[in-house]
Amino acid sequence: MLKDSAVRKEDLEISYLPLAHIFEQIVQTLMLVNGASIGFFGGDLTKLAEDMKVLQPTVFPAVPRTLNKLYDKAQALIRSKLKSLPMMELLKDSKCFYTYMIFFRKKKSDAEKVLQKAFLDNLGGKIRLIFSGSAPGYKNVLEFYTIGLGCKVTEFYGQTECSGPCSLVVLDSYYVGNVGTPVSCCMVKTGRRSRDGLYGQEL
């Protein structure tokens, strides 16, 4: 799993987050130390999708707010594209939707091709890695990217605006909703939180 989530020499990142943000600095460092490439957006966030179509990045650093917006747009687009497929009525239930997508991803059916064409192509068509930081992502949104689209998502946890992550989690289709493990250069101390919000004894 970690091997699939590593940056490769042939990867290309689209950079659009502020470089004053340590999260973007870390992602760019990962790209450079692995001999990968970095492309920059045109400066207008409202045209980010257009820039991605031209650049065709494989690595997409994002904050949950960006992932949520793309998720909302994708839901309407994908459901309109899947109208002709069986069980469409059941897809109104999100649990049925993800079960349906897991099944058809394993079967390598037309459903996966529809998803790729309907959504990923609008973002360049080549995204395989998503780095997310600054806040926890919603479980259903992360499942959409991991289960529905087959992307590898790495979440960074810590003070990502100033000091970088203290832990990270590499998400796959069956591993969503936790803070992962500490990075090798950090020591993490856990504690038990009391009802009044104060921290008590160490664990």
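Every chain is numbered independently, its residues counted from 1 as its sequence is written. A pLDDT threshold of at least 70 governs which residues receive local features in this predicted model, and a stricter bar of 80 or more applies before side-chain atom pairs are shown or counted, although totals over entire chains, interfaces and linings include all residues. Only hydrogens and water are set aside; all other atoms, that is, all heavy atoms of the structure, feed into the side-chain values.

Undergrad: Whenever I open this one, the overall build of the protein confuses me. Can you help?
TA: Runs of H or I in DSSP of at least four residues are treated as helices and runs of E of at least two as strands, each being numbered from the N terminus. Helix and strand content of the protein: six helices and nine strands. Contacts: residue pairs with any heavy atoms within 4.5 Å of one another. Considering only intrachain contacts with a sequence separation of at least 6, the fraction spanning at least 24 residues in the protein is 61%. Using the Shrake-Rupley algorithm and a 1.4 Å probe, accessible areas are obtained, with residue cover drawn only from the displayed protein chains. Summed over its atoms, the accessible surface of the protein is roughly 11800 Å², and 57% of this surface lies on carbon and sulfur atoms.

Undergrad: Please explain the pairing of strand 3 (residues 59-62) as it appears in this structure.
TA: Within a regular beta strand, the side chains point alternately toward one face of the sheet and then the other, so they alternate between its two faces. For every residue, the accessible area (1.4 Å probe, protein chains only) is compared with the maximum for its type, and the residue is labelled buried under 20%, exposed over 50%, or partly exposed between those bounds. Side-chain alternation along strand 3 places Val59 and Pro61 on one buried face and Phe60 and Ala62 on a second face that is also buried. Paired strands, in this sense, are two strands between which DSSP finds at least two bridges. Both strand 3 and strand 4 (residues 129-132) contribute to a ladder of four bridges, which runs parallel. Considered in strand 4, the bridge of Ala62 is made with Ser132.

Undergrad: I keep staring at the nonpolar core and nothing clicks. Help me out?
TA: As a rule of thumb, nonpolar side chains are buried together in soluble globular proteins. The criterion is simple. A nonpolar core is a set of buried Ala, Val, Leu, Ile, Met, Phe, Trp, Tyr and Cys residues joined through side-chain atoms within 4.5 Å. Core analysis: the largest hydrophobic core is formed by 33 residues, its most contacted members being Phe60, Phe119, Ile130, Phe131 and Tyr145. Of all the elements in the fold, those that place two or more residues in this core are helix 1 (22-33), helix 2 (48-55), strand 3, helix 3 (64-81), strand 4, helix 6 (139-148) and strand 5 (152-159). Excluding its chain neighbours within four sequence positions, the residues that come into contact with Ile130 are Phe60, Leu67, Tyr145, Cys151, Lys152, Val153 and Thr154.

Undergrad: Hey, could you run me through the packing of aromatic side chains in this one?
TA: Both the distance between ring centres and the angle between the ring planes are used here to describe each pair of aromatic rings. Any Phe, Tyr or Trp ring, taking Trp's six-membered ring, that has another such ring centre within 6.5 Å forms a pair; planes under 30 degrees apart are called stacked, those over 60 apart edge-to-face, and the others tilted. Overall, the coordinates contain four aromatic pairs when judged by the stated rule. Residues Phe23 and Phe156 carry aromatic rings whose centres are separated by 5.5 Å and whose planes lie at 65° to one another, so their mutual orientation is edge-to-face. Of the two residues, Phe23 sits in helix 1 while Phe156 sits in strand 5, which places them 133 residues apart along the sequence. For the pair shown, Phe23 and Phe156 are each scored as buried. Counting every residue linked through ring pairs, the aromatic cluster contains Tyr16, Phe41 and Phe60.

Undergrad: Could you clarify how one ought to interpret the layout of surface pockets in this entry?
TA: A probe matching the size of a water molecule, rolled over the atoms, marks out where space remains unfilled. Of the volumes computed, that of the largest pocket is approximately 600 Å³. Within this scheme a cavity is a closed region of a 1 Å grid, computed over the protein atoms alone, that accommodates a 1.4 Å probe without allowing it to escape, whereas a pocket is open but has protein on both sides within 12 Å along at least five of seven lines; lining residues each have an atom within 4 Å of a point. In this structure, the largest pocket is lined by 22 residues; those nearest its centre are Leu45, Leu48, Thr66, Leu70 and Lys73. Of all the secondary structure elements, the ones that give two or more residues to the lining of the largest pocket are helix 2 and helix 3. At seven residues, the largest contribution of residues to the lining of the largest pocket is made by helix 3. Only Asp, Glu, Lys and Arg are considered charged, only Ala, Val, Leu, Ile, Met, Phe, Trp, Tyr, Cys and Pro nonpolar, and every remaining residue, Gly among them, polar. Split into classes, the residues belonging to the lining of the largest pocket amount to 14 nonpolar, three polar and five charged. Grid points are joined across faces, edges and corners, and a volume is the space filled by probe spheres set on the points.

Undergrad: I would appreciate a short explanation of the pairing of strand 2 (residues 37-40) in the present structure.
TA: Taken together, the four bridges between strand 1 (residues 12-15) and strand 2 define a ladder with parallel strand orientation. Bridge pairing in strand 2 links Ile14 to Gly39. For crossovers, right-handed means that the path from the first strand over the helix to the second runs clockwise, given strands pointing away from the viewer. At this point the chain moves from strand 1, through helix 1, to the parallel strand 2, and the crossover so formed is right-handed.

Undergrad: What is the right way to read the pattern of salt bridges from this model?
TA: Oppositely charged side chains can form a pair if their charged atoms are brought close together. Only one rule defines a salt bridge in this text: a Lys or Arg side-chain nitrogen within 4 Å of an Asp or Glu carboxyl oxygen. Under the criterion given, the structure shown has one salt bridge. When the shortest N-O distance is used, the salt bridge between Arg128 and Asp11 registers 2.7 Å. Placement of Arg128 in the loop between helix 5 (110-118) and strand 4 and of Asp11 in the segment before strand 1 is noted, with a sequence separation of 117 residues between them. The two residues Arg128 and Asp11 agree in class, both being buried.

Undergrad: In this structure, what is going on with the side chain of Thr58? I would like to understand it.
TA: With respect to the secondary-structure elements, Thr58 resides in the loop between helix 2 and strand 3. Discounting residues that sit within four places of it in the chain, Thr58 has contacts with Asp11, Leu12, Lys126, Ile127, Arg128 and Leu129.

Undergrad: Would you take a moment to explain helix 1 for this structure?
TA: For helix 1, which comprises 12 residues, the first-to-last C-alpha distance of 16 Å matches the rise-based estimate of 16 Å (1.5 Å per residue) to within 8%. The complete set of buried residues in helix 1 reads Ile22, Phe23, Glu24, Val27, Gln28 and Met31. Following helix 1 by one or two positions, Gly35 has its phi on the positive side, about 75°. Multiplying 1.5 Å by the helix residue count minus one yields the expected span of that helix.

Undergrad: I would appreciate a short explanation of the environment of His21 in the present structure.
TA: Mapped onto the elements, His21 comes out in the loop between strand 1 and helix 1. With relative accessibility at 17%, the residue His21 sits in the buried group.

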